[in-house]
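In case you want the letters, here they are:
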Amino acid sequence: MARRGVDFVPWWVSSFSARDPTPHPETFVHPDADCARPRWPGLDHDFHRALLEEGATPDGIALRRRAEARFMYAEGKPFLLGPPQMIRREYAELLKRVTRTYHRAIESIVRASYTDERVRTALSTPPRLQADLDADVDPANGRVHICRLDVMPDPEGGFWILETNANCPGGFVFSGICNRAWREFMEAHGYEMPPPLRHEEKGFMAKWFLEVLREETGTVPGFLALIREEGGNRLELGDFAKHVRWEGPECEEIDPREIEFTGDGVPQARGRDVTHAYLKLGMQVFLRIREEVEPFVQAVRRRALFVQNGQRGRWVGDDKLCLAIISDPAFAYLFDPEDWDLLQKHVPWSRNARLLDPEWLELVRRERERYVLKRGLDTRGQGVVVGRGVDEEAWEVAVDVAAKEGWLVQEFHPTTWVERDFDQPDLQRHDIALGAINGELTTLFMRSSGELRVNMALTGRMHPVFLQQ
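Residues numbered from 1 in each chain as written. Predicted model: local features only at pLDDT ≥ 70, side-chain atom pairs only at ≥ 80, totals over all residues. Heavy atoms only, no water.

Caption draft 1: Region of interest: the layout of surface pockets. In this model, the second largest pocket occupies a volume close to 310 Å³. Together, 19 residues line the second largest pocket, and S124, T125, P126, P127 and E405 are the ones closest to its centre. Breaking the lining of the second largest pocket down by element, the ones donating at least two residues are α4 (117-122), α5 (127-135) and α9 (283-289). Element by element, the count of residues in the lining of the second largest pocket is highest for α5, at 3 residues. (1 Å grid on protein atoms, 1.4 Å probe; cavity = no way out; pocket = protein on both sides within 12 Å on 5 of 7 lines; lining within 4 Å. Points joined across faces, edges and corners; volume = space filled by probe spheres on them. Helix = DSSP H or I, 4+ residues; strand = E, 2+ residues; numbered from the N terminus.)

Right, here's the structure in full:
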């Protein structure tokens with residue numbers, strides 16, 4: 001990577017032949033690493049080396065300390081940050097195209113879930129939720145305004161979409177703030193950086209959310225509720241509230257059990273009208289308190305209370321079993337043929353374990369190192385069993401539960417490795433998160449972890465990611 005005014009080959013120049021646009025695997029050996037582990041060819045390693053060097057300077061150390069102190073994942077748990085990365089320009093258009101295509105596919109599944117019994121059977125809707133979905137017939141509740149694709153890089157240079165978060169992906173707020181800080185730092189030290197994605201814009205999430213309110217409801221209210229469980233996950237809400245107030249509306253955190261709605265008029269909470277809300281409520285939390293939030297559910301279902309992704313868009317779009325539909329040729333009729341063909345290159349073999357024939361289920365049971373099991377609506381690393389990470393007895397039990405409850409069974413793919421931190425040579429597995437607003441790629445970050453389940457709620461770190469364009 002070259003500084004401005006220094007006579008080096010520019011960092012954006014491709015390091016492989018223009019006649020062969022397919023990146024080849026690279027193996028990066030850290031000086032202190034015990035062994036070689038594959039690095040993703042889609043990353044700009046010159047940028048990474050330069051950033052590690054600048055991050056070790058006094059200014060870099062000061063920035064890192066400010067960043068670590070800036071965010072908290074939960075009470076007493078810092079939001080750990082790792083060294084930023086850069087994705088090479090050869091991947092930019094493909095990542096944008098796959099994001100748009102996958103978003104269209106998810107919305108197609110959401111629409112089909114109204115009436116297509118095969119789709120409804122393939123999903124993992126909990127019995128407690130089925131009545132709510134049956135009653136939710138307004139097509140406007142099937143939009144997926146915001147979602148995150150969790151992508152696993154492949155050592156050969158490709159990538160696999162492992163699941164979708166269409167519920168409340170909080171990393172959108174933090175990633176843009178972190179990217180902007182590192183961009184300003186690197187530019188101040190003489191490095192040219194690529195154009196930013198939209199998440200680097202100050203107050204991006206609030207601006208986007210208010211745009212959606214205007215488009216979907218025709219108005220932006222003077223008051224916006226931030227709905228979350230009292231004492232529960234509020235990861236991005238502090239920053240989000242501040243950014244909303246920059247734009248004008250007041251906002252306040254409210255537990256969904258406080259919403260009052262009789263079926264007529266306007267929903268209320270704490271003596272004031274609540275017509276628009278940002279919903280920060282995990283699916284398992286919702287299922288736990290479902291019996292206590294009937295007025296809230298009714299208000300959203302009838303669109304007296306707007307929340308991002310509605311109800312069906314959230315409950316179906318967040319279901320990991322959507323991958324089982326996208327990867328199964330039996331459901332190709334749901335999608336545009338070109339979309340389906342593209343997604344087969346990036347969605348691993350995935351099925352509903354309950355619907356596997358006995359031979360396939362026995363194969364999954366016998367060859368645990370080839371498969372992963374995932375409960376459809378779990379989040380934050382819960383309900384995931386990686387076959388090669390457990391013993392045979394635990395896998396047997398997990399397969400029985402998956403077949404009974406209809407979990408996702410998915411082909412395991414190896415991933416690539418990055419440095420977990422500036423000051424420690426340890427390499428960790430990583431994924432890449434693609435954040436989409438109405439199907440457009442607006443957000444990029446990476447998560448690394450020492451575990452087979454790469455997740456911030458466990459031991460993971462977030463790495464800011466830039467995209468050459």
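Caption draft 2: Representation of the nonpolar core in the model. Ranked by internal contacts, the top residues of the largest apolar core, which has 74 residues, are I87, I109, F286, F296, L305, I325 and I326. If near-sequence neighbours (up to four positions away) are discounted, I109 is found in contact with V119, L123, V316, C322, I325, I326 and F335. F172, V173, V212 and L235 belong to the second-largest nonpolar core, a separate cluster that totals 24 residues. (Core = buried A, V, L, I, M, F, W, Y, C linked by side-chain atoms within 4.5 Å. Buried < 20%, exposed > 50% of the residue type's maximum accessible area, 1.4 Å probe, protein only. Contact = heavy atoms within 4.5 Å.)

Caption draft 3: Geometry of unusual backbone geometry. The backbone of N309 sits at a positive phi, close to 70°, despite the residue not being glycine. Mapping N309 onto the fold places it in the loop between β13 (306-307) and α11 (312-317).

Caption draft 4: View of the pattern of salt bridges. As enumerated under the stated definition, the model contains 45 salt bridges in all. With its nearest N and O atoms 3.5 Å apart, the salt bridge here joins R143 to E107. Note that R143 is positioned in the loop between α5 and β6 (146-153) and E107 in helix α3 (residues 92-112), a separation of 36 residues in sequence. On the basis of relative accessible area, R143 is assigned to the partly exposed category, the value being 29%. Its salt-bridge partner being R290, residue E294 comes within 2.7 Å of it at the nearest N-O pair. Each of E229, D255, R257, R288 and E292 takes part in a single network of salt bridges with overlapping partners. (Salt bridge = Lys/Arg side-chain N within 4 Å of Asp/Glu carboxyl O.)

Caption draft 5: Fine view of empty space enclosed by the protein. One pass over the structure, following the stated rule, counts 3 cavities of 30 Å³ or more. Counted as a void, the largest cavity has a volume near 80 Å³. Along the wall of the largest cavity there are 13 residues; nearest its centre are L279, F286, F296, R314 and W315. Mapped by element, the contributors of at least two residues to the lining of the largest cavity are α9, α10 (294-301) and α11. Across the lining of the largest cavity, the residue classes tally to 8 nonpolar, 4 polar and 1 charged. (Nonpolar A, V, L, I, M, F, W, Y, C, P; charged D, E, K, R; others polar.)

Caption draft 6: Focus on the packing of helix α2 (residues 58-70) against helix α6 (residues 171-188). The N-to-C vectors of α2 and α6 enclose an angle of 170°; their axes lie 11 Å apart at closest approach. Here α6 runs roughly antiparallel to α2, going by the angle between their axes. Considering only the axes of α2 and α6, their crossing is right-handed. Taken together, the residues of α6 that come into contact with α2 (itself represented by D59, G60, L63, R64 and R70) are I177, A181, W182 and F185. Classifying every residue of the contact of α2 with α6 gives 5 nonpolar, 1 polar and 3 charged. (Axes fitted to C-alpha atoms, helices over the stretch in contact; angles between N-to-C directions. Parallel < 35°, antiparallel > 145°, perpendicular 65-115°, else oblique. Left-handed = near helix turned anticlockwise from the far one by under 90°.)

Caption draft 7: Examining the sheet that holds strand β17 (residues 408-411) more closely. Here 4 strands make up an open sheet; going across it, the order is β14-β17-β15-β16 and the pairing antiparallel. Each end of this open sheet is capped by a strand with a single partner; those strands are β14 (350-352) and β16 (384-386). Averaged over neighbouring strand pairs, the angle between their axes works out to 20° when direction is ignored. Together, β15 (371-374) and β16 form the strand contacts of helix α15 (residues 392-405), whose direction differs from that of β15 by roughly 50°. (Pairing = 2+ DSSP bridges.)

Caption draft 8: Representation of the confidence of the model for the protein. Mean pLDDT over the protein works out to 87, with 88% of the residues at or above the 70 mark. Note that residues 1-35 has pLDDT below 50 and, in this model, 62 contacts with residues that lie over four places away or in other chains. (pLDDT = per-residue confidence, 0-100.)

Caption draft 9: Just α10, in detail. Of all 8 residues that make up α10, 6 are buried, and the element is covered over most of its length. Among the residues of α10, F296, V297, Q298, A299, V300 and R301 are the ones counted as buried. Just downstream of α10 lies R303, where phi reads positive at about 60°.

Caption draft 10: Quick look at α2. Over its 13 residues, α2 extends 18 Å from the first C-alpha to the last, a length consistent with the 18 Å expected when each residue adds 1.5 Å. Listed in full, the buried residues belonging to α2 are G60, L63, R64 and A67. Viewed end-on, α2 has its buried residues packed into an arc of 100°, placing them on one side of the element. Seen from the buried face of α2, the exposed residues on the opposite side, beyond 90 degrees, are P58, R65, R66 and A69. Each element contacted by the buried residues of α2 is listed here: α1 (45-55) and α6. (Expected span 1.5 Å × (residues − 1). Arc of directions from axis to C-beta.)

Caption draft 11: Highlighting the pairing of β17. Summarising the sheet, β14 and β17 pair through 3 bridges and their orientation is antiparallel. In the strand pairing of β17, R351 is matched with V409.

Caption draft 12: Representation of the packing of helix α14 (residues 358-366) against α15. Taken N-terminus to C-terminus, the directions of α14 and α15 make an angle of 150°; their axes are 9 Å apart at the nearest point. For the element pair α14 / α15, the angle class is roughly antiparallel. The crossing of α14 and α15 is right-handed. Packed against α14, whose contacting residues are L361, V364 and R365, the element α15 presents W395, E396, V399, D400 and A403 at the interface. Here the residues of the contact of α14 with α15 sort into 5 nonpolar, no polar and 3 charged.

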